[in-house]
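Observations on chain architecture
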Number of protein chains: 2
Amino acid sequence: MLTFVGLGLYDERSITVAGREAIRDADRVVAEFYTSKLAGATLDDLETYHGIEIDVRDRAGVEQSPEDFLDAADSADVVFLTAGDTMVSTTHVDLRLRAHERGVETRVIHGTTAQTAASSLTGLQNYRFGKATTLPFERSHGGEGVPESVLDSIEANRDRGLHTLVFLDIDAADEDYMRADTAAGMLADAWDERASEREGIHPGGDRLAVAVARAGSPAPVVRADTLAALAAESFGDPLHLLVVPGDLHHLEREALAALGDAPESALPPAR
Amino acid sequence: MLTFVGLGLYDERSITVAGREAIRDADRVVAEFYTSKLAGATLDDLETYHGIEIDVRDRAGVEQSPEDFLDAADSADVVFLTAGDTMVSTTHVDLRLRAHERGVETRVIHGTTAQTAASSLTGLQNYRFGKATTLPFERSHGGEGVPESVLDSIEANRDRGLHTLVFLDIDAADEDYMRADTAAGMLADAWDERASEREGIHPGGDRLAVAVARAGSPAPVVRADTLAALAAESFGDPLHLLVVPGDLHHLEREALAALGDAPESALPPAR
């Protein structure tokens, strides 16, 4: 049996009880932290907490040479750990399908996710979020500034009145995590540029956004303000997220003011 | 301190370790199960597992008379439990804002959600989901069949190539949970009706959908097929969800075939 377990959002205690029991009962535990990582726990913390050894794989160790643990899962209980929920990356789905093809039984134990947290920490309703997008480092997409597709996704959601969750790039190899202030500045500039090129585009700096830092930790930060204001602040340790709200219902507007300290001037009227 | 804790998806072991510790340390535990409930655990299971008494409130007990536990949270540790994640319903956000106004410190401990599970169990990628929608019982919306807004949401997502998660109605008072086969039949009929009224609308019966039953349990069911085929099947105990896929990437198509037993004839070509 190959059991995929999501470690949840933040540290060694973000896992579900069912997930912890699966680890306890496992003959072998494999993990990958290149698609995401726990900001509040080291590998050592995890190994100590669960009383196990964890075989951490890099991308090649998962995608090119998973045969050893897939073989083991044929007769033993192997657990595959990821930060957040499992199966979020195509890598995990691919691994599950490979196991399936070999006739290895698979199981999924879910973890808490940034998507969940972005909604419940900010007070923005989960069914009013459109498609999520990811803001990459310039070096990741090999271009300058913000890819057009990121702005397009946000605008397409906003056209329907919907919020957008913007995942911020993670460079696991260099332990570099995009900050919400950096992301806010990049988005403000990109919209300014678009506004200078096209008619009818609102400039970037005075658009509303919400920075979320350390979701799932005991002390998360939620700050709602204009992109220009957020770009000038600092939100501490990673991981960070950014939400670009669409239309605000009355209660959502209240929540951004109360929980995110949004100034009245930054909030559009409720719809 | 008022701590909102999400119980997660299925039973008493779906909670996070952090959530369990918050319950253990609480002076008082309040819960509501009218917005959602755990299909795999009774109140008694929860009380026994956590070794506590739980004060379960109906809608009036949360929305009209929360003063007693808000007062208590001023000086003691009160935990407010919900199934799934917390803050999914506007009721919870409203409660958090009320606490905030009184100067009561609040905290959120996230739970796993249907949204997470719909993506990770089916192999459909989470960033390719659009806005979610809810299919209500006819008696809940006071109309016949499927509200136009439900079809509109699915079509608006599909126009962008995106998947739609369809939450199925829960009638907590009557312990009645809409089944995925019922939902599939309703959607097929509604699209047939729309096709008979308008040009260029694809009829309902041969549209692809994915039924998900008992997400988060040890034995969830995932079945991908046409709406007509799903309407004729039975997926066992609640809770059920339905996903209406948009465009399928290669790996998503493979996943629906391997994990959802989708017949080749029901799957559109990969894009």
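See the structure printed just above.
Quick summary incoming for the structure in this document. None of these values were measured; they are calculated from a predicted model. Starting afresh in each chain, residues are numbered from 1 along the sequence in its written order. Chain A is the first chain written and ligand 1 is the first ligand written, with later ones labelled in order. Thresholds applied to this predicted model are a pLDDT of at least 70 for local features of residues and 80 or more for the giving and counting of side-chain atom pairs; totals over whole chains, interfaces and linings are not thresholded and use all residues. As a rule here, side-chain values cover all heavy atoms of the structure and leave hydrogens and water aside.

1. Quick look at the overall build of chain A
Counting from the N terminus, the helices are DSSP H or I runs at least four residues long and the strands are E runs at least two residues long. The number of helices and strands found in chain A is 11 helices and 12 strands. Radius of gyration means the value over C-alpha atoms here, while the globule rule gives 2.2 Å times the residue count to the 0.38 power. The C-alpha atoms of chain A give a radius of gyration of 20 Å, which matches the 18 Å a tight globule of 271 residues would have. With the C-alpha coordinates of chain A rotated into their principal frame, the extents come out at 60 × 35 × 30 Å. Here chain A holds 271 residues, and 58% of them are scored as buried. Excluding contacts between residues fewer than 6 apart, the proportion of contacts in chain A whose partners are at least 24 apart in sequence is 72%. Relative accessibility under 20% of the residue-type maximum defines a buried residue, over 50% an exposed one, and the middle range a partly exposed one, all with a 1.4 Å probe and only protein chains included. Should any heavy atoms of two residues lie within 4.5 Å, those residues are counted as being in contact.

2. Some remarks on the relation of the copies chain A and chain B
Alignment of the copies relies on least squares applied to C-alpha atoms, considering only residues that score at least 70 for pLDDT in both. Note on the identical chains: chain A maps onto chain B by a rotation of 180° and an axial translation of 0.0 Å, with an RMSD of 0.0 Å. Between the two chains, the operation in question is that of a two-fold axis. Scanning chain A for the C-alpha nearest the rotation axis identifies T16 of chain A, at a separation of 1.9 Å. When you check the interface residues of chain A against chain B, 100% turn up at the interface there too, and the contact is symmetric in its surfaces.

3. Here we look at helix α11 (residues 250-260) of chain B
It helps to recall that an α-helix has 3.6 residues per turn; residues three or four apart then point in one direction. Residues of α11 of chain B that are buried include every one of L251, E252, R253, A255, L256, L259 and G260 of chain B, and no others. Close packing links the buried residues of α11 of chain B with α5 (90-101) of chain A together with α6 (114-122), β10 (208-213) and β11 (221-226) of chain B. Two residues or fewer past α11 of chain B, D261 of chain B is found with a positive phi of approximately 50°.

4. Digging into the packing of α5 of chain A against α11 of chain B
Axes are the key here: two packed helices are described by the angle between their axes and the distance separating the axes. Packing of α5 of chain A against α11 of chain B brings their axes to within 10 Å, and their N-to-C directions diverge by 40°. Compared by their axis directions, α5 of chain A and α11 of chain B come out oblique. Crossing of α5 of chain A over α11 of chain B shows left-handed handedness. Seen from α5 of chain A, the contacting residues are T90, V93, D94, R96, L97, H100 and E101 of chain A; seen from α11 of chain B, they are L251, E254, A255, A258 and L259 of chain B. Three classes are used, and their members are as follows: Ala, Val, Leu, Ile, Met, Phe, Trp, Tyr, Cys and Pro are nonpolar, Asp, Glu, Lys and Arg are charged, and the others, Gly among them, are polar. The residue inventory of the contact of α5 of chain A with α11 of chain B, partitioned by class, reads 6 nonpolar, 2 polar and 4 charged. Geometry is summarised by axes, namely lines fitted to C-alpha atoms with helices restricted to the contacting stretch, and by angles between N-to-C directions that run from 0 to 180 degrees. Geometric relationships in this document are graded by angle, where less than 35 degrees denotes roughly parallel, more than 145 denotes roughly antiparallel, 65 to 115 denotes roughly perpendicular, and other angles denote oblique. Helix crossings are classified by the rotation of the near helix relative to the far one: an anticlockwise turn of less than a right angle makes the crossing left-handed, while a clockwise turn makes it right-handed.

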